[in-house]
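Listed below are the residues making up each chain.
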Amino acid sequence: MKILTIHKERVFELVRCEPYERCDGTGRQLAYWRAACQVCGAPFEVSTPAALPALTKSKAFERVHCELHKRAGNIKKGA
Ligand SMILES: [Zn+2]
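As the structure is a computational prediction, the values presented were derived from the model and not from experiment.

Even without a glycine there, the phi angle at Lys8 is positive, about 50°. Of the residues examined, Lys8 has 7 C-beta atoms within 10 Å and is grouped as exposed. A positive phi angle, near 65°, is found at Glu9, a position not held by glycine. Among the structural elements, Glu9 can be located in the loop between strand E1 (4–7) and strand E2 (10–21).

Here is the structure:
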């Protein structure tokens, strides 16, 4: 079964959930989502907390670019 979420008309597909242990020893689940770069269409992943309230507030879904174009976007903004 595919789990999808849509943020601002862009689709994120759930790839996997993994336990994540913080340095203070408390564990939690992280969800990994895959989306396509707005420029080249290359897939990239973002991670969010797996818990729903934190997930829906996550800024990770704001990301629209792969690693390459993320940098290019930053350079453009700075110029
Ligand atoms: Zn790209």
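The next thing to look at is the sheet that holds strand E4 (residues 43–49). If you trace the four strands from one edge of the open sheet to the other, you get E1-E2-E3-E4, paired in antiparallel fashion. With partners counted over all chains shown, the strands left at the sheet margins are E1 and E4, one partner each. Taking each pair of neighbouring strands and ignoring which way they run, the sheet shows an average axis angle of 40°.

In this model, the protein carries a mean pLDDT of 88, and residues with pLDDT of at least 70 account for 90%. Between the elements of the protein, mean pLDDT differs from a low of 70, seen in helix H2 (residues 67–78), to a high of 95, seen in E4.

Turning our attention to the pairing of E2. Relative to E2, E1 is paired through four bridges, and the arrangement is antiparallel. Bridge pairing links Ile6 to Val11 in E2. Between E1 and E2, which pair antiparallel and follow one another directly, the connecting turn spans two residues, one of which, Lys8, has a positive phi of 50°. The pairing of E2 with strand E3 (residues 27–36) spans eight bridges and is classified as antiparallel. From the neighbouring strand, Glu21 faces E3, where its bridge partner is Gly27. Remark: five residues form the turn of the hairpin made by E2 and E3, two consecutive strands paired antiparallel; Gly25 in that turn has positive phi of roughly 90°.

Quick look at the environment of Glu13 now. Tracing the backbone shows Glu13 in strand E2. Along the chain, Glu13 and Lys2 lie eleven residues apart, while their C-alpha atoms are 7.1 Å from each other. The contact partners of Glu13, leaving out residues within four places of it in the chain, are Lys2, Leu4, Trp33 and Arg34.

Summarising the sheet, E3 and E4 pair through seven bridges and their orientation is antiparallel. Bridging from a neighbouring strand, Trp33 pairs with Val46 of E4. Between E3 and the antiparallel strand that follows it, E4, lie six residues; Gly41 among them carries a positive phi value of about 80°.

Conventions we followed
- Every residue gets a number counted from 1 within its own chain, in the order that chain's sequence is written.
- Side-chain atom pairs in this predicted model are given and counted only at pLDDT of 80 or more, local residue features only at pLDDT of at least 70, and totals for whole chains, interfaces and linings cover all residues.
- Whether a residue is buried, exposed or partly exposed is read from the other C-beta atoms within 10 Å of its own C-beta, which are placed from the backbone; 20 or more gives buried, 12 or fewer gives exposed, and intermediate counts give partly exposed.
- Runs of E in the DSSP output that reach at least two residues are strands. Runs of H or I that reach at least four are helices, and both are numbered from the N terminus.
- Strand pairing is assigned whenever DSSP identifies at least 2 bridges connecting the two strands.
- Every angle, taken between N-to-C directions, lies between 0 and 180 degrees, and every axis is a line fitted to C-alpha atoms, over only the stretch in contact when it is a helix.
- Confidence scores labelled pLDDT are given residue by residue by the predictor and lie between 0 and 100.
- Here the contact rule is simple: place C-beta atoms from the backbone, and any two residues whose C-beta atoms are within 7 Å are in contact.

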